[in-house]
Amino acid sequence: GDVDSYEADGSYVVHPPLGKWVIGAGMLLLGPENPWGWRISSAVLGAVAVLLLARIGRRLFRSTTAGLIAGLLLAIDGESLVHSRTSLLDPFVMVFALAAFGALLIDRDRFRERLALASARLHTSGEAPPRLGISAGVRPWRLVAGLLLGMACSVKWSGLYFVAVFG
C-alpha cells in the first residue's frame, strides 16, 4: 500500500509501546511496503508460543505426550493462527504471560528440589527444623517472571490481569 501517510508523531495512543515496537522491528527488517514486514514478528512469536506451551505442558504434567498434545492443540487452534497472521497486540501479551507462567513453574520445581534436599539433610542429621522454616534463597526465575509480566503490561494494559493472577 501507500506508505506516505506515516507521520513522525503518534496520535490516539491507547496502548503502551512495546508491542508496537516489536511490530516495528519486523517492519524495519523487511520494510514497511512488504506485507510480511508488519506480520513477521507476530508469526515468529506465535510459533514460539507453541514451543513454550509444549515445554510448559511437559513440565506441568510430567508427561512428554501431554506437552506435545498441548502444543499441537495450540498450533492448530484457529484463533491462534489468525492472531499470529494479522499482527494484533494480543499474541504478544499471550506469549509474555505464557513465558512468565513457565518461569514461575521452573521456580516452583527448583524450590521443591531445594526443599527436598534440605528436608533430607535435616532428617539424616537429626537436627530440629529452623524455627522460621527453610530459606527459599535467591529465586531468579521469579525475577524473570516479573520482567515478562512487565513486558506483557508494556504491550497492553490487560497484562495487569496476569500480574494479579500470578501474584
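Residues numbered from 1 in each chain as written. Predicted model: local features only at pLDDT ≥ 70, side-chain atom pairs only at ≥ 80, totals over all residues. Heavy atoms only, no water.

Turning our eyes to something else, we now look at the packing of aromatic side chains. Counting across every chain of the model gives two aromatic pairs. Measuring from ring centre to ring centre gives 5.9 Å for Phe 101 and Phe 166, while their planes differ by 35°; the resulting arrangement is tilted. With Phe 101 in helix α5 (residues 90-125) and Phe 166 in helix α7 (residues 159-166), this residue pair connects regions lying 65 residues apart in the sequence. Given the relative accessible area of 25%, Phe 166 is considered partly exposed. Here Phe 162 and Phe 166 contribute two aromatic rings whose centre-to-centre distance is 6.2 Å and whose plane-to-plane angle is 50°, an arrangement assigned as tilted. Of this pair, Phe 162 and Phe 166 both sit in helix α7, four residues apart, roughly one helical turn. Of the residues examined, Phe 162 reaches a relative accessible area of 32% and is grouped as partly exposed. (Phe/Tyr/Trp six-rings, centres within 6.5 Å; stacked < 30°, edge-to-face > 60°. Helix = DSSP H or I, 4+ residues; strand = E, 2+ residues; numbered from the N terminus. Buried < 20%, exposed > 50% of the residue type's maximum accessible area, 1.4 Å probe, protein only.)

Moving on to the packing of helix α2 (residues 40-61) against helix α3 (residues 64-76). When two helices pack together, their arrangement is captured by the angle between the axes and the distance separating the axes. Between α2 and α3, the shortest axis-to-axis distance is 7 Å and the interhelical angle comes to 150°. Comparing their axes, α3 and α2 come out roughly antiparallel. Here the hand of the crossing between α2 and α3 comes out right-handed. For the pair α2 and α3, contact is made by Ala 49, Val 50, Leu 53, Ala 54, Gly 57, Arg 58 and Phe 61 and by Thr 64, Ala 66, Gly 67, Ala 70, Gly 71, Leu 74 and Ala 75, respectively. Within the contact of α2 with α3, the residues separate by chemical class into nine nonpolar, four polar and one charged. (Axes fitted to C-alpha atoms, helices over the stretch in contact; angles between N-to-C directions. Parallel < 35°, antiparallel > 145°, perpendicular 65-115°, else oblique. Left-handed = near helix turned anticlockwise from the far one by under 90°. Contact = heavy atoms within 4.5 Å. Nonpolar A, V, L, I, M, F, W, Y, C, P; charged D, E, K, R; others polar.)

Leaving glycine aside, a negative phi is the common case for residues, and trans is the common case for peptide bonds. In the Ramachandran plot, Arg 62 falls in the positive-phi region, its phi being about 55° despite a non-glycine side chain. The residue Arg 62 is located in the loop between α2 and α3 in this model. A positive phi angle, close to 60°, is found at Ser 87, a residue other than glycine. Secondary-structure assignment places Ser 87 in the loop between α4 (78-86) and α5. We classify Ser 87 as buried; its relative accessible area is 10%.

A few words on the pattern of salt bridges. Here the idea is simple: oppositely charged side chains can pair when their charged atoms come close. Summed over all chains, the structure comprises six salt bridges. For Asp 109, the salt bridge goes to Arg 62, with nearest N and O atoms at 4.0 Å. Linking Asp 109 in helix α5 with Arg 62 in the loop between α2 and α3, this pair joins segments that are 47 residues apart in sequence. On the accessibility criterion, Arg 62 (59% relative accessible area) is exposed. Between Arg 108 and Asp 109 there is a salt bridge; the shortest N-O distance is 3.0 Å. Note on Arg 108: relative accessible area 25%, which makes it partly exposed. (Salt bridge = Lys/Arg side-chain N within 4 Å of Asp/Glu carboxyl O.)

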